Amino acid sequence: MFSSLALLGLTAIQGANAWGSLGHETVAYIASHYVETATKNWAQDILDDTSKDYLANVATWADSYRYTSAGKFSAPYHFIDAQDDPPNSCNVDYDRDCTGGKCVVAAIANYTTRVQSNSLSDTQVNYALRFIVHFLGDITQPLHDESYDLGGNDIDVTFNGDDTNLHASWDTSIPEQLIGGYSLSDAQDWANDLIKEIDSGSYESQKASWVSGLDINDAKDSAMAWATDANAFVCSVVAPNGWDGLENAELYPDYYNGVVDTVSLQIAKGGYRLAKWLDAIAAQAASKKVKREAGDVVEVEEDLNGDSLIPARRPLTAIERRRAAIGFGCGDHTH
Ligand SMILES: *[C@@H]1O[C@H](CO)[C@@H](O)[C@H](O)[C@H]1NC(C)=O
Ligand SMILES: [Zn+2]
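The rules behind each value
- Residues numbered from 1 in each chain as written.
- Chains lettered and ligands numbered in written order.
- Predicted model: local features only at pLDDT ≥ 70, side-chain atom pairs only at ≥ 80, totals over all residues.
- Heavy atoms only, no water.
- UniProt positions renumbered as here; feature names shortened; annotations may be inferred.
- Helix = DSSP H or I, 4+ residues; strand = E, 2+ residues; numbered from the N terminus.
- Donors = N, O, S within 2.8 Å, 3.2 Å for Na, K, Ca; no water.
- Tetrahedral: all angles 85-135°; square planar, octahedral: opposite > 155°, others 65-115°.
- Expected span 1.5 Å × (residues − 1).
- Bend = angle between axes of the 7 residues up to and from the residue.
- Axes fitted to C-alpha atoms, helices over the stretch in contact; angles between N-to-C directions.
- Parallel < 35°, antiparallel > 145°, perpendicular 65-115°, else oblique.
- Contact = heavy atoms within 4.5 Å.
- Nonpolar A, V, L, I, M, F, W, Y, C, P; charged D, E, K, R; others polar.
- Buried < 20%, exposed > 50% of the residue type's maximum accessible area, 1.4 Å probe, protein only.
- Polar contact = N/O pair within 3.5 Å; in protein donor to acceptor, adjacent residues only side chain to side chain.
- Salt bridge = Lys/Arg side-chain N within 4 Å of Asp/Glu carboxyl O.

- As recorded by an unreviewed UniProt entry, the protein carries the name Nuclease PA3 and is attributed to Zasmidium cellare.
- The Sequence similarities (unreviewed entry) comment attached to the protein in UniProt states, word for word, "Belongs to the nuclease type I family."

Encoded structure:
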């Protein structure tokens, strides 16, 4: 039922996807490794996929869906437009940067509510889970938490001689240079390496901090913490000398060598957080089900459209007008 939809979406866009397929699928495999068995069963049921690749198989769906007429509305959900001046100032402000209440932070909150719904259709719940798998990846990519030049999409660079842009390099060129491919098995291999680092390597001592304060019932706050964490790398790693030197720069090997560890770190974080996020959602869903079956009153669901997440309207900024004018897409390069 969903495979034909996915196929349709895939023909809509070729090439670079946000974090690229390699990054998103690696996040998904890391999450599949860490989730509880009950979470796996819950997610496989929603996704109607009992394969071991159940999360990886849907990890890039949102990047195809956004190019369909039905999914066009979701294009702004892949990023938040922080307004920075690297290396001196980087920060994320929800009211300022979540344009019209449509951004990755609001989307994570929205779909975290919707995936737990008992009144939405199976398709809508399925889509909600797909969006969560994708957006918990996007939000860890520093240039998805940045407005400058459309998150670096307008900063032309070369990577190992190939014309590209700064955003696409972070999404795709750098991960693929590191791993040497972009197939599902490449993603599984990268995930296995990062899982070792999380369990007993360089990430072991910090993994607890990646999920501290995680609260699915205050999804906006959790997602803001992740956006703020990733955005800080814009000042320290993405543009440590400001934006100026990057235009038309060759990123390989010097720039690449300076940032590749951060790319790996952010992928690992995304996967580990996704596991804990899904565990919390599945556990809450199970406890609501037990209460309902016992005849207890379970709190009424509200705001299935996420409307309360949208702050009051304010005039469009220059950046917002520009985004709107290009329909939120960036040619071949997604943001
Ligand atoms: C929440 O998701 C639904 C379904 O995709 C969408 O129609 C609605 O506009 C979203 N709300 C927000 C605030 O993003
Ligand atoms: Zn995306």
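**Let's talk about unusual backbone geometry**
Thinking step 1. Of the consecutive residues proline 86 and proline 87, the connecting peptide bond is found in the cis state with omega at 5°.
Thinking step 2. Within the secondary structure, proline 87 sits in the loop between α4 (61-65) and α5 (94-97).
Thinking step 3. With an omega dihedral of 5°, the bond running from tyrosine 252 to proline 253 counts as a cis peptide bond.
Thinking step 4. Secondary-structure assignment places proline 253 in the loop between α12 (219-238) and α13 (254-293).
Thinking step 5. Look at aspartate 48: it is not a glycine, yet its phi comes out positive at around 55°.

**Here we look at the coordination of the zinc ion (ligand 2)**
Under perfect tetrahedral coordination by four donors, a metal shows angles of 109.5 degrees; under perfect octahedral coordination by six donors, it shows angles of 90 or 180 degrees.
Thinking step 1. Coordination sphere of the zinc ion (ligand 2), protein contribution only: Asp63 (OD), His78 (ND1), His134 (NE2) and Asp138 (OD), at 2.1 to 2.8 Å.
Thinking step 2. Seen from the zinc ion (ligand 2), its four donor atoms lie at angles of 79 to 169°, and the figure they make is irregular.
Thinking step 3. Of note, the donors binding the zinc ion (ligand 2) are all from one chain and are spaced D-x14-H-x55-H-x3-D. Placement of aspartate 63 in helix α4 and of aspartate 138 in helix α7 (residues 122-138) is noted, with a sequence separation of 75 residues between them.

**A closer look at α13**
Thinking step 1. Taking 1.5 Å of rise per residue, 40 residues should cover 58 Å, and α13 covers 60 Å from first to last C-alpha, within 8% of that figure.
Thinking step 2. The largest bend in α13 comes to about 35°, at valine 260.

**Notes on the packing of helix α10 (residues 184-200) against α13**
Helix-helix packing is characterised by the crossing angle of the two axes and by the distance between the axes.
Thinking step 1. Contact pair α10 / α13: the axes reach a minimum separation of 10 Å and the direction vectors enclose 85°. Comparing the axis directions of α10 and α13 gives the class roughly perpendicular. The residues of α13 that touch α10, namely those facing Trp190, Leu194 and Ile198, are Val263, Ser264, Ile267, Ala268 and Tyr272.
Thinking step 2. Grouping the amino acids of the contact of α10 with α13 by side-chain chemistry returns seven nonpolar, one polar and no charged.

**Focus on the side chain of aspartate 81**
Thinking step 1. Within the fold, aspartate 81 resides in the loop between α4 and α5.
Thinking step 2. Looking at aspartate 81, the relative accessible area reads 4%, which means it is buried.
Thinking step 3. Other than its neighbours up to four places away in sequence, aspartate 81 contacts Asp97, Thr99, Glu146, Ser147, Ile319 and Arg323.

**Some remarks on helix α9 (residues 166-179)**
Thinking step 1. Compared with an ideal rise of 1.5 Å per residue, which puts 14 residues at 20 Å, α9 spans 19 Å between its outermost C-alpha atoms and is within 8% of the ideal.
Thinking step 2. Threonine 172 marks the point of greatest bend in α9, at about 35°, and the proline proline 175 comes within the next four residues.
Thinking step 3. Of all the 14 residues making up α9, 10 are buried; the element is thus mostly covered by neighbouring parts of the structure.
Thinking step 4. Where α9 is concerned, the buried positions are Leu166, His167, Ala168, Ser169, Trp170, Asp171, Thr172, Ser173, Ile174 and Pro175.
Thinking step 5. The backbone nitrogen of histidine 167 lies 2.9 Å from a side-chain oxygen of the residue at the head of α9, namely asparagine 165.
Thinking step 6. Remark: glycine 180 follows α9 within two positions and exhibits a positive phi of approximately 85°.

**Thoughts on the pattern of salt bridges**
Thinking step 1. Taken as a whole and judged by the stated rule, the model has five salt bridges.
Thinking step 2. With a closest N to O distance of 2.8 Å, aspartate 53 and lysine 52 form a salt bridge.
Thinking step 3. Ionic pairing is found between lysine 269 and aspartate 229, a salt bridge with its closest N-O pair at 2.7 Å. Placement of the pair is lysine 269 in helix α13 and aspartate 229 in helix α12, with a sequence separation of 40 residues.
Thinking step 4. A relative accessible area of 27% means that aspartate 229 is categorised as partly exposed.
Thinking step 5. Salt bridges sharing partners connect three or more residues here, namely Asp229, Lys269 and Arg273.

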